[in-house]
Amino acid sequence: APIKQRVQTFKYILLHSDYEIRLNFSSNPQPNNTEWFYQTNFMKMPSNIQIPSDNRKFSTSLINLGNFNHQALLRIAGITKEDIQTKFNLHVGNAMGEADYKVNLFMA
């Protein structure tokens, strides 16, 4: 199953800049379900972003790094204070199970 990790924190984000969140994870077998979720808290995350996607505000991709290692990328265009206050969660699933990777953002 995908290997779980602690909440990851990304700091020193400058407002109105483009920002990338890159999360590395392992999954054996390969993931068959990956998507980003976001909301103001980790308890309720109804808003999702498919991988891959590009809707001008958010763009995503999944990179196979080999040896069952992957990198999920979430790009946020023109990051705002509201984006920084939002919680992001990468959900990864495969035939063996699921894991969630939580992300906190902080301003510079």
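Remember, predicted model here, so these are calculated numbers, not experimental data.

Trainee: Requested: an account of the overall build of the chain, with residues and values cited.
Mentor: A count of helices and strands for the chain gives one helix and nine strands. Ordered by position from the N terminus, the helices and strands of the chain form the series β-β-β-β-β-β-β-α-β-β. Taking 108 residues into account, the globule formula puts the C-alpha radius of gyration at 13 Å, and the chain, at 13 Å, falls close to it. Buried positions account for 39% of the 108 residues belonging to the chain. Considering only contacts within the chain whose residues lie at least 6 apart along the sequence, 63% involve residues at least 24 apart. In the chain, 11 positive and 8 negative side-chain charges are present, and the distance between their average locations comes to 7 Å.

Trainee: Let's hear about the nonpolar core: which residues, and what values?
Mentor: The biggest cluster of nonpolar side chains holds 22 residues, and the ones touching the most others in it are I21, W36, F88, L90 and L105. The set of elements that each furnish at least two residues to this core consists of β1 (8-13), β2 (19-26), β7 (69-76), β8 (87-94) and β9 (97-107).

Trainee: Residues and numbers for the environment of P52, please.
Mentor: For P52, the position within the fold is in the loop between β4 (47-50) and β5 (53-54). Exposure remark for P52: the relative accessible area of 66% places this residue in the exposed category. Taking the C-alpha atoms as reference points, P52 and S27, 25 residues apart in sequence, are found 18 Å from one another.

Conventions used here
- Residues numbered from 1 in each chain as written.
- Predicted model: local features only at pLDDT ≥ 70, side-chain atom pairs only at ≥ 80, totals over all residues.
- Heavy atoms only, no water.
- Helix = DSSP H or I, 4+ residues; strand = E, 2+ residues; numbered from the N terminus.
- Rg over C-alpha atoms; globule rule 2.2 N^0.38 Å.
- Buried < 20%, exposed > 50% of the residue type's maximum accessible area, 1.4 Å probe, protein only.
- Contact = heavy atoms within 4.5 Å.
- Lys, Arg positive; Asp, Glu negative; His and termini not counted.
- Charge placed at Lys NZ, Arg CZ, Asp CG, Glu CD.
- Core = buried A, V, L, I, M, F, W, Y, C linked by side-chain atoms within 4.5 Å.

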